[in-house]
Amino acid sequence: MTDRSVAGFSAVTERLASMQERIARVERPFAHDVEVIPVTKGFPGDAIEAVVAAGCRTVGENYAQDLLSKVDVIERLGVDVQFIGHLQSNKVRQLVDVVSLWCTIDRRSIIDEVAKRAPGAHVLIQVNATDEPQKGGCQPGQVAAMIDQAATAGLVVDGLMTIGPTGQPPAAARRPFEIVRSLLDEHELAICSMGMSADVEVAVECGSTQVRIGSALLGPRPVSTIR
Ligand SMILES: *Cc1c(COP(=O)(O)O)cnc(C)c1O
């Protein structure tokens, strides 16, 4: 582990407190709590130790191999894992014992694979509300069908997840976040997972219930470990 990451992890508790202050200052349209989900992708198991020491019980992870390399610490600490990365069907089987919420469900084939390998699993439908072709997620107009297909397959749909536009100022996330929040209300779902380090304020203003925070808690990610 590098010196920089040691320093970063020792600051996690203070950084979490300042993130919670940022969130508390936001005027919000709904009287709702906002949970901070630390994103530990690309960091070693020590990052998970640090966020658990700071009081978190759930982490977000993106990459199958990276996640599987941390199974020991995850099991020892009893933390819940949200899978928030692009999900390939051939990775689902390896992940079923460690993932408790599948946040990137966006197509029929992945619904069928998760339902087969993890019957009754809890999921979020990922929505691409920014019209960016490189981004995962179903179109807003497909959300009803996805919810239906997932429920029919025996999965439990807890809510929706979205990612703001890439390379844009935070304000550009407002419209897509509003679209996703209104879909959440239309379908009477509980979890609205939107907002990252840069656009957390906009997300909470638009009604996010879970923000996924990586760099603002843990510092810059060690790119070499990302795969
Ligand atoms: C990496 C990632 C995050 C965290 O991003 P930061 O900008 O580091 O807060 C949140 N959500 C998803 C889906 C991610 O891939």
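About the cut-offs
Residues numbered from 1 in each chain as written. Predicted model: local features only at pLDDT ≥ 70, side-chain atom pairs only at ≥ 80, totals over all residues. Heavy atoms only, no water. Disulfide = S-S within 2.5 Å. Near = heavy atom within 4 Å. Polar contact = N/O pair within 3.5 Å; in protein donor to acceptor, adjacent residues only side chain to side chain. Areas by Shrake-Rupley, 256 points an atom, 1.4 Å probe, with all protein chains shown as cover. Buried < 20%, exposed > 50% of the residue type's maximum accessible area, 1.4 Å probe, protein only. Helix = DSSP H or I, 4+ residues; strand = E, 2+ residues; numbered from the N terminus. pLDDT = per-residue confidence, 0-100. Contact = heavy atoms within 4.5 Å. Phe/Tyr/Trp six-rings, centres within 6.5 Å; stacked < 30°, edge-to-face > 60°. Expected span 1.5 Å × (residues − 1). Arc of directions from axis to C-beta. Pairing = 2+ DSSP bridges. Right-handed = clockwise from strand over helix to strand, strands pointing away.

Draft legend 1. How the structure looks around the state of the cysteines. Here the structure, examined in full by the defined rule, presents 0 disulfides. Unpaired in terms of disulfides, Cys138 finds its nearest cysteine sulfur in Cys192, a separation of 13 Å. This cysteine, Cys192, is not joined by any disulfide, and Cys206 carries the nearest cysteine sulfur, 8.9 Å off.

Draft legend 2. Representation of the site of the ligand in the model. By nearness alone, 13 residues border the ligand, and Lys41, Asn62, Ser197, Gly214 and Ser215 come closest of all. In the model, an oxygen atom of the ligand is placed 2.7 Å from a nitrogen or oxygen of the Lys41 side chain. A distance of 2.8 Å separates a nitrogen atom of the ligand from a polar side-chain atom of Arg212. For the ligand, whose unbound accessible area comes to 390 Å², protein coverage reaches 90%.

Draft legend 3. Spatial organisation of helix 3 (residues 45-53). Taken together, the buried positions of helix 3 are occupied by Gly45, Ala47, Ile48, Ala50, Val51 and Val52. Count one or two residues on from helix 3 and you reach Gly55, which has phi positive near 110 degrees.

Draft legend 4. Structural view of the confidence of the model for the protein chain. Taken as a whole, the protein chain shows an average pLDDT of 94; of its residues, 94% reach a score of 70 or greater. When the criterion is pLDDT under 50, residues 1-6 qualifies, and its contacts beyond four places in sequence or with other chains add up to 5 contacts.

Draft legend 5. Seen up close, the packing of aromatic side chains. Tallied over the full model, the rule gives 1 aromatic pair. Aromatic pair Phe9 and Phe43: ring centres 5.7 Å apart, planes at 70 degrees, arrangement edge-to-face. Of this pair, Phe9 sits in helix 1 (residues 3-10) while Phe43 sits in the loop between strand 1 (35-38) and helix 3, placing them 34 residues apart in sequence. Judged by its relative accessible area of 9%, Phe9 is buried.

Draft legend 6. Local environment of the environment of Pro222. By the secondary structure assignment, Pro222 is in the segment after helix 11 (215-218). Once the C-alpha coordinates of Pro222 and Leu124 are considered, the two residues, 98 residues apart in sequence, prove to be 28 Å apart. Residue contacts for Pro222: discarding those within four places in its chain leaves Gly42 and Phe43.

Draft legend 7. The arrangement of helix 9 (residues 174-186) in detail. Here helix 9 contains 13 residues, and its C-alpha end-to-end distance of 18 Å stays within 8% of the 18 Å for a straight helix at 1.5 Å per residue. Inspection of helix 9 places Pro176, Phe177, Val180, Arg181, Leu183 and Leu184 among the buried residues, and these make up the whole buried set. Along helix 9, the residues classed as buried sweep out an arc of 160 degrees about the axis, all on the same side. Those residues of helix 9 that are exposed and aimed more than 90 degrees away from the buried face are Arg175 and Glu186. Those residues of helix 9 that are buried lie in contact with strand 5 (122-127), helix 8 (143-152), strand 6 (156-162), strand 7 (191-193) and helix 10 (200-205). Looking one or two places after helix 9, you find Glu188, whose phi comes out positive at around 55 degrees.

Draft legend 8. View of the pairing of strand 5. Counting buried residues in strand 5 gives 5 out of 6 residues, a clear majority hidden from the surface. One ladder, built from 2 bridges, connects strand 4 (residues 101-105) with strand 5; its direction is parallel. Considered in strand 5, the bridge of Trp102 is made with Val123. The parallel pair strand 4 and strand 5, bridged by helix 7 (residues 108-117), forms a crossover whose chirality is right-handed. Bridging between strand 5 and strand 6 involves 6 bridges; their strand directions are parallel. Looking at strand 6, one finds that Val123 is bridged to Val157. Handedness of the crossover joining strand 5 and strand 6 through helix 8 is recorded here as right-handed.

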